[in-house]
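# Residue-level structure breakdown
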Amino acid sequence: MPAVPAAAMAPVPVPGAEVGPAPAPPGAPGRYLAPGRSQEASGRVGLAVGLVVASEGVLVAAAAFGAHLVWPVWGAVAAVAVWAVLLSAPLTARRAYGYREPDTTERVRLGQSWRDVQHRAGAGAYRLVVVESDELNACRPFGRTIAVTSRSARSLPPEHLEAVLAHELGHLLGWRAVPAFVHAQLTLPSRALLWTLRRPWSPIVPMWKRAVAWHRPIGFLPVILLAVLATAVTVVVVVPAAVAYAAAATARLLSAHGEARADAAAVRMGLGAELVAAVEHRIEHQPHGLPLPLVRRAQALRRRLG
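Now for a description of the structure that goes with this document. Since we're looking at a predicted model, the values are computed, not measured.

Core analysis: the largest hydrophobic core is formed by 32 residues, its most contacted members being V117 and V148. Broken down by element, this core gets its largest block of residues, 6 residues, from helix α7 (residues 158-170). Once residues lying within four places of it in the same chain are set aside, the contact partners of V117 are E162, L165, A166, L169, M269 and L271. Among the nonpolar cores identified, the runner-up in size contains 10 residues, and A89, Y99, A184 and L188 belong to it.

With that out of the way, let us pick up unusual backbone geometry. The backbone of V73 sits at a positive phi, close to 65 degrees, despite the residue not being glycine. Structurally, the position occupied by V73 is in the loop between α2 (43-70) and α3 (74-88).

According to the stated counting rule, one finds 1 aromatic pair in the structure shown. Plain terms: the ring middles of W208 and F220 are 5.0 Å apart, the flat faces sit at 70 degrees to each other, and that makes the pair edge-to-face. Taken together, the positions of W208 in helix α9 (residues 204-214) and F220 in helix α10 (residues 217-253) put the pair 12 residues apart, joining distant regions of the chain.

The α-helix winds at 3.6 residues per turn, so residues separated by three or four positions along the chain end up facing the same way. In a regular helix each residue adds 1.5 Å, so 37 residues correspond to 54 Å; α10 covers 51 Å between its end C-alpha atoms and thus fits that length. Largest kink in α10: about 40 degrees, centred on V237, with the proline P240 one to four residues after it. Taken residue by residue, α10 has G219, V223, L226, A230, V237, A241, A244, A248 and A251 as its buried positions. Residues of α10 that are buried sit in contact with α8 (177-201) and α9.

Attention now moves to the side chain of T149. Along the chain, the position of T149 falls in strand β4 (residues 145-149). For T149, the side chain forms a polar contact with the side chain of S152, separated by 2.8 Å.

Here we come to the packing of α7 against helix α12 (residues 272-284). A pair of packed helices is characterised by two quantities: the angle between their axes and the separation of those axes. α12 packs onto α7 with a crossing angle of 100 degrees between their chain directions and a minimal axis gap of 8 Å. The angle between the axes of α7 and α12 places the two elements in the roughly perpendicular class. On the side of α7, the interface is formed by E159, H160, A163, V164 and H167, while α12 contributes E274, L275, A277, A278 and H281.

Before going further, it helps to examine α8. Taking 1.5 Å per residue, 25 residues should reach 36 Å; α8 reaches 36 Å between its end C-alpha atoms and fits that length. The largest bend along α8 reaches roughly 30 degrees and is located at T187, with the proline P189 sitting one to four residues downstream.

For the rest of this paragraph, the subject is the pairing of β4. Within β4, 5 of the 5 residues are buried, which leaves it mostly tucked inside the rest of the structure. Burial of the side chains of β4 extends over both faces: T145, A147 and T149 are buried on one face and I146 and V148 on the other. Of the strand pairs in this sheet, strand β2 (residues 127-131) and β4 are connected by 5 bridges, and their pairing is parallel. Bridging from a neighbouring strand, V131 pairs with T149 of β4.

This part covers the pattern of salt bridges. Scanning all chains against the criterion turns up 8 salt bridges. Note that R100 and E106 form a salt bridge whose closest N and O atoms lie 2.9 Å from each other. Each of R100, D103, E106, E132 and R154 takes part in salt bridges that share partners, so that together they form one network.

Nonpolar side chains collect at one region of the surface, where F65, L69, V70, W71, V73, W74 and V77 lie side by side and expose about 830 Å² of accessible area between them. Only α2 and α3 provide two or more residues apiece to the nonpolar patch. For the nonpolar patch, the element with the highest residue contribution is α2, accounting for 3 residues. Checked against the element boundaries, L69 lands in helix α2.

So, about the environment of A123. As for its position among the elements, A123 is in the loop between α5 (104-121) and β2. By relative accessible area, which is 7% here, A123 ends up buried. Sequence spacing of A123 and L173 is 50 residues, and the spatial spacing of their C-alpha atoms is 8.0 Å.

As a further point, take the pairing of β2. In terms of residue burial, β2 counts as a mostly covered element, since 5 of its 5 residues are buried. The side-chain alternation of β2 yields two buried faces, one formed by R127, V129 and V131 and the other by L128 and V130. Relative to β2, strand β1 (residues 99-100) runs antiparallel, the two sharing 2 bridges. Within β2, the position partnered with Y99 by the bridge is V131.

Cut-offs applied
- Residues numbered from 1 in each chain as written.
- Predicted model: local features only at pLDDT ≥ 70, side-chain atom pairs only at ≥ 80, totals over all residues.
- Heavy atoms only, no water.
- Core = buried A, V, L, I, M, F, W, Y, C linked by side-chain atoms within 4.5 Å.
- Buried < 20%, exposed > 50% of the residue type's maximum accessible area, 1.4 Å probe, protein only.
- Helix = DSSP H or I, 4+ residues; strand = E, 2+ residues; numbered from the N terminus.
- Contact = heavy atoms within 4.5 Å.
- Phe/Tyr/Trp six-rings, centres within 6.5 Å; stacked < 30°, edge-to-face > 60°.
- Expected span 1.5 Å × (residues − 1).
- Bend = angle between axes of the 7 residues up to and from the residue.
- Polar contact = N/O pair within 3.5 Å; in protein donor to acceptor, adjacent residues only side chain to side chain.
- Axes fitted to C-alpha atoms, helices over the stretch in contact; angles between N-to-C directions.
- Parallel < 35°, antiparallel > 145°, perpendicular 65-115°, else oblique.
- Pairing = 2+ DSSP bridges.
- Salt bridge = Lys/Arg side-chain N within 4 Å of Asp/Glu carboxyl O.
- Patch = residues over 30% accessible without salt bridge, like charges linked within 9 Å, V, L, I, M, F, W, Y side chains within 5 Å.
- Areas by Shrake-Rupley, 256 points an atom, 1.4 Å probe, with all protein chains shown as cover.

Below you can see the structure in the form of structure tokens.
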């Protein structure tokens, strides 16, 4: 009996059948992770971030020495304290962004898109979470965590969702994790401090309404005490919050090139046309006016696609 060529034995594709990304090979940890899951970051990224922290330490040591000459002891303490806040800021990402694990519906909608994006990028060990928001957007809160808004997770078509996730993953691939870490250091303190400003005041109005309903003087005492505490927190935090907000605004102005690089990464993954469609979809659904930055971004993407 003549040997049958291997190609002839290959299964014939069924017309109309969908072909998904290839499954992860056995024993390949960190590939094609489900939304919400994560594994340890790669050593190269950790080494790069460590070098950034070491460089910051050298600059802070010089700044602390200069501050000590101007303001003995306390000047150096202030410089180190500011750096400690910047180092710990990424640890507040969950609280600052308010992200959570995807629920069952979101996990189903995100699962295939997220696997496809990881397959295209050849990447793994990234965690996908959800931020409660009505915006059509996604963001990169910290390190190897990517967040998509609840509206995007529930309403974007799969191809648009893949493009948005590819763009956000493009912010963190390889060496780009370093500027993302620095960006988190500059932007997260403002979010954390603004949360600190809002948090003490948030229960005051409900407590006041409850005290009015009770018609008892004792009900107003906790409201007054809490208002005094909130005022004290505001006085302490307002100046650092203003400085942190200015630093975050500066970081956002300097992040335009990062957006372009992330768009380029999505284009290299083969999702450029879908990303253009997603950006234009967001432009069409803006409630107030024409968002010129998004328009320029869509134009740049079309030029990149040729």
